[in-house]
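One-letter residues, chain by chain:
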Amino acid sequence: MKPEATGSGTIAARLDLQDPLFWRAGAVSVTLVMIVVLAFLSVDSMRVISVGGRNVPNYDVINYRIGYQFDWSRKMDVPVIGGAQPLFGKTVTEAEATALMDKGKLVIQSRNCMNCHTIFGNGAYYGPDLTKSWLDPAWSQIWMPMTGKATREDAMVEFLMHPDKYPTWTRQMPNLNISEDEARATVAYLKWLSAIDTNGFPANFGKANTSR
Ligand code: HEC
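This structure is a prediction, so every number in the text was calculated from the model and none was measured.

**A short note on the overall build of the protein**
The number of helices and strands found in the protein is six helices and four strands. In the protein, the succession of helices and strands from N to C terminus is α-α-β-β-α-β-β-α-α-α. At 26 Å, the protein has a C-alpha radius of gyration far larger than the 17 Å of a compact globule built from 212 residues. Taken over the C-alpha atoms alone, the protein extends approximately 90 × 40 × 35 Å along its principal axes.

**Focus: the site of the ligand**
Around the ligand sit 25 residues in total, of which Cys113, Cys116, Gly127, Trp169 and Met173 are the nearest. Tallied by class, the residues present in the shell around the ligand amount to 15 nonpolar, seven polar and three charged.

**Points about the domain arrangement of the protein**
Domain annotation for the protein reports domain 1 (3–49) and domain 2 (59–194). For domain 1 and domain 2, the distance between their C-alpha centres works out to 49 Å.

**Notes on helix α6 (residues 180–194)**
Taking 1.5 Å of rise per residue, 15 residues should cover 21 Å, and α6 covers 21 Å from first to last C-alpha, within 8% of that figure. Most of α6 is tucked away, with 13 of its 15 residues classed as buried.

**Thoughts on the environment of Trp134**
Tracing the chain through its elements places Trp134 in the loop between β4 (122–123) and α4 (138–147). It is 7.7 Å that separates the C-alpha atoms of Trp134 and Val187, two residues lying 53 residues apart in sequence. Apart from residues lying up to four places away in sequence, Trp134 is in contact with Ile66, Leu190, Lys191, Leu193 and Ser194.

**Some details on helix α2 (residues 20–49)**
Taking 1.5 Å of rise per residue, the 30 residues of α2 would be expected to cover 44 Å, and the 42 Å separating its terminal C-alpha atoms lies within 8% of that figure. For α2, the buried fraction is low: zero of the 30 residues fall into the buried class.

**Observations regarding the nonpolar core**
A general trend in soluble globular proteins is that nonpolar side chains are found buried together. Ile62, Met156, Ala188, Tyr189 and Trp192 are the most contacted members of the largest nonpolar core, which totals 30 residues. If you list the elements that add at least two residues to this core, you get α3 (94–110), α5 (152–161) and α6. Ranked by the residues each element gives to this core, the list is headed by α6, at eight residues. Setting aside residues up to four positions removed in sequence, Ala188 forms contacts with Ile62, Leu87, Leu100, Met101 and Gly104.

**Points about the packing of α5 against α6**
Put simply, α5 and α6 touch, their axes get as near as 9 Å, and they point 125° apart. For the element pair α5 / α6, the angle class is oblique. The two elements α5 and α6 meet at a crossing, and its hand is right-handed. Residues Glu153, Met156, Val157, Leu160 and Met161 of α5 lie in contact with α6, whose contacting residues are Glu180, Ala183, Arg184, Thr186 and Val187. Among the residues forming the contact of α5 with α6, the class breakdown is six nonpolar, one polar and three charged.

Calculation rules
Residues numbered from 1 in each chain as written. Predicted model: local features only at pLDDT ≥ 70, side-chain atom pairs only at ≥ 80, totals over all residues. Helix = DSSP H or I, 4+ residues; strand = E, 2+ residues; numbered from the N terminus. Rg over C-alpha atoms; globule rule 2.2 N^0.38 Å. Near = placed C-beta within 6 Å. Nonpolar A, V, L, I, M, F, W, Y, C, P; charged D, E, K, R; others polar. Domains from an automatic or database assignment. Expected span 1.5 Å × (residues − 1). Buried ≥ 20, exposed ≤ 12 C-beta atoms within 10 Å, placed from the backbone. Contact = placed C-beta atoms within 7 Å. Core = buried A, V, L, I, M, F, W, Y, C linked by C-beta atoms within 7 Å. Axes fitted to C-alpha atoms, helices over the stretch in contact; angles between N-to-C directions. Parallel < 35°, antiparallel > 145°, perpendicular 65-115°, else oblique. Left-handed = near helix turned anticlockwise from the far one by under 90°.

Spelled out as structure tokens, the structure:
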């Protein structure tokens, strides 16, 4: 203890590091400032991640072509929403698209796809990440010829209904008794998912040997 610091009225006394009041004031003010910062960040994240927000398109994006291109200014791959390309050849309203998403989500939850797959990197690592699965070149290059289907979405439906019939990898996806309606809704969900701007995740998707 320095005797001169215990005197009152000087700046040195008010900043006395031995005084519990100094630390209490510090803790209270830092907590208050951080609450404001947290509230701001939460509101800002909701703005970015909610449907229709900056990074997440509306569900009726499934009516459009979705591309994936390297953006030099951001130095990452970003989804590019192009001209009309209705899923299963049928343009849907936002309400119809929402119903498909609800159903697709239920299929994914009820079959516990996350026990083997990841979405946005969350889940298990037995199967490939599904975030950009819609854009996987394997649909046109491997599964369309394999299933004999003329479109990517039809090949996906066929694969989801009978994954055990079309293995392309050392690990196989089991048949999960997915009906055709359920498979179509899941494909709609996967198409919308691929249009989300995930800040480049997963990196190098679709380039040689990275999605597997
Ligand atoms: C028991 C583990 C397991 C479960 C559960 C599972 N999958 Fe798979 N899935 C796999 C494996 C392994 C592959 C790779 C199969 C292959 O290439 O032959 C795969 C492949 C896929 C693919 C192709 C991905 C790509 O881009 O190459 C899709 C889409 C897919 N699964 C969707 C689903 C959905 C949707 C569910 C839930 C309804 C699900 N999976 C449940 C293991 C699983």
